[in-house]
Amino acid sequence: MFHNIKVFVFFGILLIISLCWVRDIMADVVIKPSIMLSERYDSNIFFRSRDQGVVSDFLTSAGPQIEIGNEQKGFRLAALYRFNSTYYARHQEFHLRHNATLTMDKEISKALLLTVGDSFFYTQDSLEATTTGIQIRRTDITSNTIFINTVYKFTNITSMDVRLSDSILEFEDPTLVDTRTDSAALSGIFMMTANTSANTTY
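About the criteria used
- Residues numbered from 1 in each chain as written.
- Predicted model: local features only at pLDDT ≥ 70, side-chain atom pairs only at ≥ 80, totals over all residues.
- Heavy atoms only, no water.
- Helix = DSSP H or I, 4+ residues; strand = E, 2+ residues; numbered from the N terminus.
- Polar contact = N/O pair within 3.5 Å; in protein donor to acceptor, adjacent residues only side chain to side chain.
- Phe/Tyr/Trp six-rings, centres within 6.5 Å; stacked < 30°, edge-to-face > 60°.
- Buried < 20%, exposed > 50% of the residue type's maximum accessible area, 1.4 Å probe, protein only.
- Lys NZ or Arg CZ within 6 Å of the ring centre and 35° of its normal.
- Contact = heavy atoms within 4.5 Å.
- Pairing = 2+ DSSP bridges.
- Axes fitted to C-alpha atoms, helices over the stretch in contact; angles between N-to-C directions.

## Quick look at the environment of Asp57
Working step 1: The residue Asp57 is located in strand S2 (residues 57–72) in this model.
Working step 2: Here the alpha-carbon distance between Asp57 and Asp42, two residues 15 residues apart in the chain, equals 5.6 Å.
Working step 3: Separated by 3.0 Å, the side chain of Asp57 and the backbone nitrogen of Arg90 make a polar contact.

Structure, rendered in structure tokens:
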């Protein structure tokens, strides 16, 4: 819960700063609402082995999405919120999913670009939120990633990229271990042609 509070505080601060930068051009903000509807078949909804008895079902997913964007010279703001619910035809399971992202790009100079962002995700389906391994049972998961990225152009064909990120993964099931990951990456980019580049990352 404490991590969730910090997530929303960060979102609020970043949004306030962004709106202050674009307060004089709010008329240029673009809002795009949409609705998603999908149907799929899952051959093993409980992630069981064949010895335990594999169970299949049809899943119907539906939910609204809203995108907000603003772009001007040297600045870009993009926000997205997506809500999704999944209905199981035979087992009456009902899973909810929330996804929110906020990204802000600021051109500090002609050579330096700064990007700050936050990505928040909540799901009742464990396979939706983690790629760190296979979950043997369903549980509510909250994940959040905050990142800062800078790109510095040395020349028209060479640049350097520095990225710092902090990620959390929280499970409602007390038997599963919550994780936090701090990472840093340094990349060199060489543009060989307009559509081809060579990258090296540490």
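What follows continues from the structure just given.
## Comments concerning the packing of aromatic side chains
Where two aromatic rings form a pair, the distance of their centres and the angle of their planes describe that pair.
Working step 1: Applying the stated rule across the entire model yields 2 aromatic pairs.
Working step 2: Considering the side-chain rings of Tyr41 and Phe58, the 5.1 Å spacing of their centres and the 55° angle between planes classify their relative orientation as tilted. Highlighted residues: Tyr41 in strand S1 (residues 30–42) and Phe58 in strand S2, separated in sequence by 17 residues.
Working step 3: With relative accessibility at 38%, the residue Phe58 sits in the partly exposed group.
Working step 4: On the numbers, 5.2 Å between centres and 75° between planes, the contact of Tyr152 with Phe154 is edge-to-face.
Working step 5: Classification of Tyr152 as partly exposed rests on a relative accessible area of 35%.
Working step 6: Directly above the ring of Phe147 sits Arg163, whose terminal nitrogen or CZ lies 4.3 Å from the centroid.

## Here's the deal with the environment of Asn44
Working step 1: With respect to the helices, strands and loops of the structure, Asn44 is situated in the loop between S1 and S2.
Working step 2: Ignoring sequence-local partners within four residues, the contact set of Asn44 consists of Val54, Val55 and Ser56.

## Some remarks on the sheet that holds strand S6 (residues 141–153)
Working step 1: Spatially, 9 strands are ordered S1-S2-S3-S4-S5-S6-S7-S8-S9 in an open sheet, and the strand pairing comes out antiparallel. Taken across any chain shown, the strands that pair with only one partner, and hence form the sheet edges, are S1 and strand S9 (197–201). If you compare each strand with its neighbour and ignore which way they point, the axes differ by 15° on average.
Working step 2: Relative to strand S5 (residues 112–123), strand S4 (residues 94–107) runs antiparallel, the two being bridged by 11 bridges. Pairing of Asn99 across the sheet is with Phe121, part of S5.

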